[in-house]
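A structural walkthrough
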Amino acid sequence: MSIFTIIRRNLLARKTRSLLTALGIAVGIGTMVSLLGLTEGYRRITLAFTDLLKSDLLLLDRRIADLNPRLIDESIENDLQRMPGVASIQKMMVGVVGFEDLPGVVVYATDPPEMILNFFRIHEGGLLSSAESPEILVGRAVANSLNKEVGDYVDVEGVLHKIVGIYTSPFYVMDATVVLPLRHLQRALGRQGKVMAFGVGLEHGSSISDIKMLIERRHPELQCMGLAESVRKNDLLRIAEAFIWAISIVALTVGGIGAFNTMSMSVFERTKEIGILRSLGWPGSRIFIIVMTEGLILGVIGGMLGCVVGIGLDHLIEATARVRGMIVSAFTWQLCLKALIVATFLGSFGGVYPAWKATRISPVIALRSE
Amino acid sequence: MATPEIQVQGIVKTYGKGRVRALRGIHLEVAPYPDNFVVLMGPSGCGKSTLLNLLGGLDQATEGRIWIKGQPLENRNDLDRYRASEIGFVFQSFNLLTALNALENVEVPMLGNGMSNKQRTCRAQELLHEVGLDDKWNVSPRELSMGEQQRVAIARALANMPSIILADEPTGNLDSATTEDVLRLFVKLHQALHITFLIATHDLQVASHARAVLYMKDGMIVEGK
């Protein structure tokens, strides 16, 4: 028999108490994992939107932060293409257009048209054949609303467009959009020769910062962001992350206090046992190690349970009709590892004070307790 | 003259800032073998357990001095080690750890004393054999009779070969036949190992086995024979 036998026996002899302690930690960790999973999902959606351009640089009008941002003149494309290190240029336009019985539908347009494949999955039919042809791709939700299929026509601003494809997206909201050729969207919005953003693909080995400087010097009206920077500058993401971290801290505090309370109660219940061990000549340090190790083990078990609870909870949330398709969670092994580390810390922290207190109990008083 | 096993001089123990005086100046001397089988008698609350706790290093005296085999107890800063190696406690309520079986309970005091796992287990098996519990090694204390539990507790008290056994009402929860069994075991161990026994009790049956009986009342030793 070793000290670890005693630890194992202690944990197994009081199964309910051990389980409740682990569950107390699991609730805190589960909440944290669930919230961080949702944040990660949100971050991935944002990244996916940005990734739509498959570019290294994103060019936007500097007044994009204004409520009425200006669009960018399409003519600068030639200048961009001539810049050293630039490999490709993509153009993107987004607007809201009413057609058929739908009062306002978000419409995307990209040039080249296949860029749209970066984000949507063609469910039926194919892609737009060019930036000029009177064709349209519709999201599954739009197709259902209009009761249209591939090969049918829809009237957009007086021009009949043939539905050449129906797409789906992992995000329900994106199913309620359509994709038009760039020229047609510009015409529909009355913004011929304008685009909302340029994507710039760089040649391998080119310096992003050099090209960024060059573009901003030649076109001071443009805001030029690297892909990572554009994500970092996403205020909504940053606010959401800060908010969810704040909630996670609350969840952890609640979980931590719960774990601490449970561990304290567990030591309190074992006062007599501690008195017996002291009367047998056990030093306080050995009792401290036992109580701490028990806390640590319960922390790890609670952490693993918490990961399962958190992931399960998010799957449940995703399946709820109210949020289905709009909220997506994502889990990484790093997130689970983080949760396990926090849970281990919580278990130890929950055990430190009770363990210290256990070593301070007078053996005589401890032996008298029941 | 041989050094007394235990010597106590003017021990006072008060609680609650002096309001409760549990011991009021105890003087006591326990002679070496064969006179070191001593019974402390007296009504409940007379201070027997308090005295045993002080002798066992579980508590500290307010006044007075204690010597164990001529060494002053108050000078020891390793009371854990003292309890582990020189003292064996036997309690009225046995105080066994219910999460462990009989064998493991006996092994507990030996953890951390430098013995290997195998040595500890062998020693615990020998001790359980000594107290007549050969067939109960793997049994939980909950499944043992009260007499058997006390035997496990005695085996545990002997684990580190202590020179003194302090027994606080060791037969308080036992019927008279089991009490006699336990007392015979105490006497056997005393004679075989020359261990000092200091037994607090108010049971006359226990006193009949003693070499010396001390009577306590209101925190003082009032009579001895």
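Scroll up to find the structure this text is about.
Residues numbered from 1 in each chain as written. Chains lettered and ligands numbered in written order. Predicted model: local features only at pLDDT ≥ 70, side-chain atom pairs only at ≥ 80, totals over all residues. Heavy atoms only, no water.

What to know about the overall build of chain A
Looking only at helices and strands, chain A has twelve helices and twelve strands in total. Considering only residue pairs separated by 6 or more positions, chain A has 78% of its internal contacts joining residues 24 or more positions apart. Summed over all atoms, the accessible surface of chain A reaches about 17,800 Å², with 62% contributed by carbon and sulfur. (Helix = DSSP H or I, 4+ residues; strand = E, 2+ residues; numbered from the N terminus. Contact = heavy atoms within 4.5 Å. Areas by Shrake-Rupley, 256 points an atom, 1.4 Å probe, with all protein chains shown as cover.)

Topic: the sheet that holds strand β1 (residues 6–15) of chain B
The strands that make up a sheet are held in pairs by hydrogen bonds between backbone atoms, and each pair lies either parallel or antiparallel. All names here are of chain B. With respect to topology, four strands assemble into an open sheet ordered β2-β1-β4-β5, the strand pairing being antiparallel. Among the strands making up the open sheet, the edge pair consists of β2 (20–30) and β5 (71–72). Where strand β4 (residues 63–68) and β5 come together, two bridges link them in antiparallel fashion. Of the residues in β5, the one forming a bridge with Ile68 is Gln71. (Pairing = 2+ DSSP bridges.)

Notes on the interface of chain A and chain B
In many reports, interface size means the accessible area that the parts give up when they come together. Between chain A and chain B, the residue contacts involve 24 residues of the former and 25 residues of the latter. Summed over both partners, the interface of chain A with chain B buries about 2,000 Å², with 60% contributed by carbon and sulfur atoms. Looking at the side of chain A facing chain B, the largest losses of area belong to A:Met1, A:Arg9 and A:Leu280, adding up to 34% of the total buried there. In this structure, the connection of chain A to chain B is made through two salt bridges. Note that B:Glu104 is salt-bridged to A:Arg9, the shortest N-O span being 2.4 Å. Our enumeration of links across chain A and chain B arrives at eight residue pairs in polar contact (both at pLDDT 80 or more). Elements supplying a minimum of two residues to the side of chain A that touches chain B: α1 (3–13), α9 (271–279), α10 (284–319) and α12 (363–368) of chain A. Residue composition of the side of chain A that touches chain B, by class: twelve nonpolar, six polar and six charged. (Buried area = accessible area lost by both parts, 1.4 Å probe. Salt bridge = Lys/Arg side-chain N within 4 Å of Asp/Glu carboxyl O. Polar contact = N/O pair within 3.5 Å; in protein donor to acceptor, adjacent residues only side chain to side chain. Nonpolar A, V, L, I, M, F, W, Y, C, P; charged D, E, K, R; others polar.)

Concerning a nonpolar patch on the surface
Taken together, the side chains of A:Ile297, A:Val300, A:Ile301 and A:Met304 make up a nonpolar region of the molecular surface, amounting to roughly 290 Å² of accessible area. Position of A:Val300 relative to the elements: it lies in helix α10. (Patch = residues over 30% accessible without salt bridge, like charges linked within 9 Å, V, L, I, M, F, W, Y side chains within 5 Å.)

A word on the nonpolar core
Core analysis: the biggest nonpolar cluster contains 53 residues, and B:Val108 and B:Leu198 have the highest contact counts within it. With five residues, α10(A) is the largest single contributor of residues to this core. Those residues in contact with B:Val108 that sit more than four places away from it in its chain are A:Met1, A:Ile6, A:Leu277, A:Leu280, A:Trp282, B:Leu97 and B:Leu100. Core analysis: the second largest hydrophobic core is formed by 40 residues, B:Val39, B:Phe94, B:Val131 and B:Leu158 among them. (Core = buried A, V, L, I, M, F, W, Y, C linked by side-chain atoms within 4.5 Å. Buried < 20%, exposed > 50% of the residue type's maximum accessible area, 1.4 Å probe, protein only.)

Side note on the side chain of A:Gln186
Residue and element names in this part refer to chain A. When you line up the elements, Gln186 lands in helix α5 (residues 182–189). Taking relative accessible area as the criterion, Gln186 reaches 2% and is therefore assigned buried. A distance of 3.1 Å separates a polar atom in the side chain of Gln186 from a polar atom in the side chain of Glu74. Among residues more than four places away in sequence, those in contact with Gln186 are Glu74, Arg191, Gln192, Gly193, Lys194 and Val195.

Description of the packing of helix α5 (residues 146–157) of chain B against helix α6 (residues 176–193) of chain B
Residues and elements named next belong to chain B. The N-to-C vectors of α5 and α6 enclose an angle of 15 degrees; their axes lie 10 Å apart at closest approach. Overall, the two elements α5 and α6 adopt an arrangement that is roughly parallel. The interaxial crossing formed by α5 with α6 has right-handed handedness. For the pair α5 and α6, the contacting residues are Gly147, Gln150, Arg151 and Ile154 in the first and Thr178, Asp181, Val182, Leu185, Phe186 and Leu189 in the second. For the contact of α5 with α6, a count of residues per class yields five nonpolar, three polar and two charged. (Axes fitted to C-alpha atoms, helices over the stretch in contact; angles between N-to-C directions. Parallel < 35°, antiparallel > 145°, perpendicular 65-115°, else oblique. Left-handed = near helix turned anticlockwise from the far one by under 90°.)

Considering the packing of aromatic side chains
Under the counting rule described, the total for this entry stands at three aromatic pairs over all chains. Cluster of aromatic residues (ring-pair linked, three or more members): B:Phe37, B:Phe186 and B:Phe197. Positioned over the ring face of A:Trp282 is A:Arg286, at 4.9 Å from the centre of the ring. (Phe/Tyr/Trp six-rings, centres within 6.5 Å; stacked < 30°, edge-to-face > 60°. Lys NZ or Arg CZ within 6 Å of the ring centre and 35° of its normal.)

A look at helix α1 (residues 48–55) of chain B
Judged by how many residues are buried, α1(B) sits mostly within the fold: seven of eight residues are covered. The first or second residue beyond α1(B) is B:Gly57, which carries a positive phi of 70 degrees.

A short note on the pattern of salt bridges
Residue and element names in this part refer to chain A. All told, the structure shown has 23 salt bridges over all chains when counted by the stated rule. Across the pair Asp111 and Lys91 runs a salt bridge whose closest N-O atoms are separated by 3.4 Å. Of this pair, Asp111 sits in strand β4 (residues 102–111) while Lys91 sits in strand β3 (residues 86–99); the two residues are 20 residues apart in sequence, bridging distant segments of the chain. Across the pair, Lys91 and Asp111 agree in class, each one buried. One connected set of salt bridges, linked through shared partners, spans Glu74, Glu77, Lys91, Asp111, Glu132 and Arg183.

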